[in-house]
Amino acid sequence: MSDAVIDVSNLVKTYSGLRAVDGISFSINRGEVFSLLGPNGAGKTTTVEILEGVRNRTSGEITVLGEDPEKSRSLIFKVGILPQDFAFIYNSTPKEALDFYKGTLRTSSDLNEILEMVELEDKATTPFQKLSGGQKQKLGLALSLVNDPEILFLDEPTSGLDPRARRNIWKVIKTLKERGKSILLTTHYLEEAELLADKVAIMNRGKIIDAGTPMEIVERHHEDDNLIIRGDGGVEQLLSTGGFQFQREGSYVKVNLRNIKDATDVINYLYEHKAKFEDFTLKRESLEDVFVRMVGEIEEDETE
Ligand SMILES: Nc1ncnc2c1ncn2[C@@H]1O[C@H](COP(=O)(O)OP(=O)(O)OP(=O)(O)O)[C@@H](O)[C@H]1O
Ligand SMILES: [Mg+2]
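Residues numbered from 1 in each chain as written. Chains lettered and ligands numbered in written order. Predicted model: local features only at pLDDT ≥ 70, side-chain atom pairs only at ≥ 80, totals over all residues.

A.B. asks: I'm lost on the sheet that holds strand β11 (residues 246-249) in this one. Help?
C.D. replies: Pairing between the strands of a sheet comes from backbone hydrogen bonds, and it takes one of two forms, parallel or antiparallel. As summarised here, the arrangement of the four strands in space is β11-β12-β10-β13, forming an open sheet in which the pairing is antiparallel. Single-partner strands in this sheet number two, and they are β11 and β13 (277-283). For this sheet the average axis-to-axis angle between neighbouring strands, irrespective of direction, equals 20°. Looking at chain direction, β11 and strand β12 (residues 252-257) are connected through four bridges and run antiparallel. Counterpart to Glu 249 in the pairing with β12 is Tyr 252. Each of β10 (225-231), β11, β12 and β13 is contacted by helix α8 (residues 233-241), which is oriented at about 20° to β12, the strand it contacts most. (Pairing = 2+ DSSP bridges. Helix = DSSP H or I, 4+ residues; strand = E, 2+ residues; numbered from the N terminus. Axes fitted to C-alpha atoms, helices over the stretch in contact; angles between N-to-C directions. Contact = placed C-beta atoms within 7 Å.)

A.B. asks: I keep staring at the sheet that holds strand β3 (residues 33-37) and nothing clicks. Help me out?
C.D. replies: The mixed open sheet is built from six strands, whose spatial order is β5-β6-β7-β3-β8-β9. Each edge of the open sheet is held by one strand with a lone partner, namely β5 (79-82) and β9 (207-212). The sheet shows a mean angle of 15° between the axes of neighbouring strands, direction not considered. With four bridges joining them, β3 and strand β8 (residues 199-204) adopt parallel strand pairing. For Phe 34, the partnering residue across the bridge sits in β8 and is Lys 199.

A.B. asks: Explain the site of ligand 1 here, please?
C.D. replies: If you check the shell around ligand 1, you find Tyr 15, Ala 20, Gly 38, Asn 40, Gly 41, Ala 42, Gly 43, Lys 44, Thr 45, Thr 46 and Gln 84 and nothing else. The element that contributes the greatest number of residues to the shell around ligand 1 is helix α1 (residues 44-52), accounting for three residues. Class assignment of the residues belonging to the shell around ligand 1 gives a composition of three nonpolar, seven polar and one charged. (Near = placed C-beta within 6 Å. Nonpolar A, V, L, I, M, F, W, Y, C, P; charged D, E, K, R; others polar.)

A.B. asks: In this structure, what is going on with the pairing of β3? I would like to understand it.
C.D. replies: If a strand is regular, its side chains alternate between the two faces of the sheet. The buried fraction of β3 amounts to five of the five residues, a majority that puts the element mostly inside the structure. Burial of the side chains of β3 extends over both faces: Val 33, Ser 35 and Leu 37 are buried on one face and Phe 34 and Leu 36 on the other. Sheet analysis places β3 next to strand β7 (residues 182-186), joined by four bridges and oriented parallel. Across the sheet, residue Val 33 finds its bridge partner in β7, namely Ile 183. (Buried ≥ 20, exposed ≤ 12 C-beta atoms within 10 Å, placed from the backbone.)

A.B. asks: Help me understand the environment of Arg 55 in this model?
C.D. replies: For Arg 55, the position within the fold is in the loop between α1 and β4 (59-64). Judged by local crowding, Arg 55 falls into the partly exposed class, with 18 C-beta atoms found within 10 Å. Sequence-wise, Arg 55 and Phe 100 are 45 residues apart; in three dimensions their C-alpha atoms are separated by 24 Å. Leave out the neighbours within four places in its chain, and Arg 55 touches Thr 46, Glu 49 and Ile 50.

A.B. asks: Explain the nonpolar core to me, please; I cannot follow it from the model alone.
C.D. replies: Looking at soluble globular proteins, one finds that nonpolar side chains tend to be buried together. Formed by 58 residues in total, the largest nonpolar core has its most connected members in Ile 6, Leu 37, Leu 51, Ala 142, Phe 153, Ile 183 and Leu 184. Setting aside chain neighbours within four positions, we find Leu 37 in contact with Thr 187, Leu 190, Ala 193, Val 200, Ile 202, Met 203 and Phe 291. (Core = buried A, V, L, I, M, F, W, Y, C linked by C-beta atoms within 7 Å.)

Here's what the structure looks like:
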């Protein structure tokens, strides 16, 4: 039996002729963090909101915990939602908001524990309009946790957060994963997906153009690995004589490697010829490098 908590097959959503979601399929297993990535307007929020039951689909089959979100009246008690651009009644405090959700969703969750988890205890009685952008985002996340959901839909949970607050949200997401939650996460921060997601799907113009683990995607699309060496002109001269391909970038020399194992040949060669260099690092392209090229290439093809 499949362990999928979310199943999407041939999902289509059109807005007056625009195919915002154009026949996508994927599934998310229990306990998995699945990240939908893609440029602005790719169709991520539309997809997420269809799964939440907030928007209706044009066609396709979807199940969330075995139910159709368009028809189900019980999913609201089993899923947690942090919408993109979350907002709340401007003069309500986080404590009031949490109490309200707790009453509506009829749960026995410990609200203090939730406030502590998202690090918002000291703002529990501050009106919503006086919270900073990041604090508002944290409240949104806190509210999504009130019903102790099996599945969480987090649409750009860390957008606009400072680096420390972002790391704190990452910690919360990791804790939730450890507790067995399944999470659908959208983000524009590729390093976030690389760090948190078991699987990612890259969307562009309504279609999934590739999916897999972050490592599989990098493996499939990365260009040459590079050896980055911090050294002077002497290093360049030696590399030229040795017939290596390289470019200077600021105080670094970037040597292109056809195979990552060739790095030892370059270093041995430089040592043998007593080159003066300070340090070196091996660099494989990141998910972001690969993503930018994949999405960029499609845009270029379509404007030709
Ligand atoms: N309610 C709507 N009515 C008409 N068009 C819409 C509506 N909502 C979204 N769209 C269009 O559908 C496409 C996909 O939008 P969506 O919000 O799903 O993208 P996204 O991937 O979430 O983008 P972002 O990264 O900017 O949040 C866009 O072209 C958008 O203009
Ligand atoms: Mg969006």
